[in-house]
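Chain residues, written in single-letter form:
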Amino acid sequence: MGHLDHLEHLDKHLVEELAQVARETVRDELREQTRRQRRTALLYAASGAVALYAGAAVALAAGLALAVGLPGWAAALITAAVLGAAAYALRRAARPAASGPAAPGRAAGAAMPGGAASRMSAQPPVPPAPSVPPMPQSPPRAPGASRPQGSEHDF
């Protein structure tokens, strides 16, 4: 039996060593993936910042070009309106398409022809009124007053 006990000890030791090697390998792999993802995220952030400044320069150039023939305030107003319309169009394009009845966050008539949905208010729909009128309320009683006989609230 001593020989089998020795093998059992070796098996436990081998399993522990194998688990430790596996943990270290997974940890190293996760560190490497995290390092790559961090670098990618940093490059995307830098790209976005540079694109923002490039867009601002284009907007400024468009405003200055309009200012040649218009007053400065009118050129700035037209540039702001064009940028606002572009932002609105991009936001609308980013929304998921309605599938099925009404998608969450969208009005039920969002797919109306002729752009009728864009003229609707952005308020959530109002639930329908109950079909049964509410029960009439009895007038408040003075403290200490007794209830009249035959009241529907007698239990």
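Scoring rules and cut-offs
Residues numbered from 1 in each chain as written. Predicted model: local features only at pLDDT ≥ 70, side-chain atom pairs only at ≥ 80, totals over all residues. Heavy atoms only, no water. Helix = DSSP H or I, 4+ residues; strand = E, 2+ residues; numbered from the N terminus. Buried < 20%, exposed > 50% of the residue type's maximum accessible area, 1.4 Å probe, protein only. Areas by Shrake-Rupley, 256 points an atom, 1.4 Å probe, with all protein chains shown as cover. Salt bridge = Lys/Arg side-chain N within 4 Å of Asp/Glu carboxyl O. Polar contact = N/O pair within 3.5 Å; in protein donor to acceptor, adjacent residues only side chain to side chain. Contact = heavy atoms within 4.5 Å. Expected span 1.5 Å × (residues − 1). Patch = residues over 30% accessible without salt bridge, like charges linked within 9 Å, V, L, I, M, F, W, Y side chains within 5 Å. pLDDT = per-residue confidence, 0-100.

As a further point, take the overall build of the protein chain. Each helix and strand in the protein chain was counted, giving three helices and zero strands. Starting at the N terminus and walking to the C terminus, you meet the elements of the protein chain as α-α-α. The burial tally for the protein chain puts 6% of its 155 residues in the buried class. Here the protein chain displays about 13800 Å² of accessible surface, and carbon together with sulfur accounts for 67% of that area.

Right, let's get into the pattern of salt bridges. What the rule picks out here adds up to four salt bridges. Between D28 and R31 there is a salt bridge, and its shortest N-O distance comes to 3.5 Å. Here D28 and its partner R31 are both found in helix α1 (residues 2–67), three residues apart, which amounts to about one turn of the helix. Overall, D28 belongs to the partly exposed group, its relative accessible area being 47%. Classification of R31 as partly exposed rests on a relative accessible area of 48%. Sharing partners across several salt bridges, the network here consists of E29, E32, R35 and R36.

Along the chain, the position of T79 falls in helix α2 (residues 72–94). Of the residues examined, T79 reaches a relative accessible area of 12% and is grouped as buried. Engagement of the side chain of T79 in a polar contact is seen with the backbone oxygen of A75, the distance being 2.8 Å. If we skip the residues at most four places from it in the chain, T79 touches A59, A62, G63 and L66.

Taking 1.5 Å as the rise per residue, α2 with 23 residues should run 33 Å; its terminal C-alpha atoms sit 33 Å apart, in good agreement. Those residues of α2 lying buried are A74, A75 and T79.

Turning to a nonpolar patch on the surface, a few remarks are in order. Taken together, the side chains of L66, L70, I78 and V82 present a nonpolar region at the surface, about 300 Å² in accessible area. If you trace the backbone, V82 turns up in helix α2. Exposure remark for V82: the relative accessible area of 53% places this residue in the exposed category.

Turning next to the confidence of the model for the protein chain. Within the protein chain, residue pLDDT values average 76, and 60% of them lie at 70 or more. Mean pLDDT across the elements of the protein chain bottoms out in helix α3 (residues 116–119) (50) and peaks in α2 (90).

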